[in-house]
Amino acid sequence: MKFSLLVSEGPYTHQAADTAWQFASAAIARGHEVKRVFFYHDGVYNASKLTEPPQDDRHIVNRWSKLAADHQVDLVVCVAAALRRGIKDEVLAPGFRISGLGQLVDAGIKSDRLVTFGD
């Protein structure tokens, strides 16, 4: 099965980003494909390389970058939501790219399931 995900919450303010990453990792481990993860609203904060959690805390941004590198998952950050929050190409972590809302529509069309995480 081919999945795409929509993440609309920030990495340390809501459980959505952690749950989305865990879902994607579990799906891949079971042989499914995760085509794209689209970050929208406050979810765009998951893409910032400026994130520096304490050493004893999980680093969600790095987890997403590693998932993209290891499994060719397309990590797309909504351009409008990103610019509103000061997220530009210069602050993107490895594996993320900025694009338009059309990428979410495309993901929904080309995937068997589009799973939403966040409010």
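This text follows the structure it describes.
An account of the accompanying structure is given in this report. Keep in mind that what you see is a predicted model, and the values were worked out from it rather than measured.

1. Concerning the pattern of salt bridges
Logical step 1: What the rule picks out here adds up to nine salt bridges.
Logical step 2: Residue Arg85 is joined to Asp42 by a salt bridge in which the shortest nitrogen-to-oxygen separation is 2.7 Å. Highlighted residues: Arg85 in the loop between α3 (79–84) and β4 (96–99) and Asp42 in the loop between β2 (33–39) and α2 (60–71), separated in sequence by 43 residues.
Logical step 3: The class of Arg85 is partly exposed, set by a relative accessible area of 24%.
Logical step 4: Across the pair Lys66 and Asp70 runs a salt bridge, and its minimum N-O distance is 2.5 Å. Residue Lys66 and its partner Asp70 are both found in helix α2; the two are separated by four residues, about one turn of the helix.
Logical step 5: Among the ionic contacts, a cluster of salt bridges with common partners joins Arg36, Asp74, Arg97, Asp106 and Lys110.

2. Topic: unusual backbone geometry
Logical step 1: Phi is positive for His41, close to 50°, though the residue is something other than glycine.
Logical step 2: Turning to its location among the elements, His41 is positioned in the loop between β2 and α2.
Logical step 3: The residue Gln72 is not glycine, and still its phi comes out positive at about 55°.
Logical step 4: Within the element layout of this structure, Gln72 appears in the loop between α2 and β3 (74–78).
Logical step 5: Its relative accessible area of 62% is what places Gln72 among the exposed residues.

Parameters at a glance
Residues numbered from 1 in each chain as written. Predicted model: local features only at pLDDT ≥ 70, side-chain atom pairs only at ≥ 80, totals over all residues. Heavy atoms only, no water. Salt bridge = Lys/Arg side-chain N within 4 Å of Asp/Glu carboxyl O. Helix = DSSP H or I, 4+ residues; strand = E, 2+ residues; numbered from the N terminus. Buried < 20%, exposed > 50% of the residue type's maximum accessible area, 1.4 Å probe, protein only.

Structural measurements only, silent on function.
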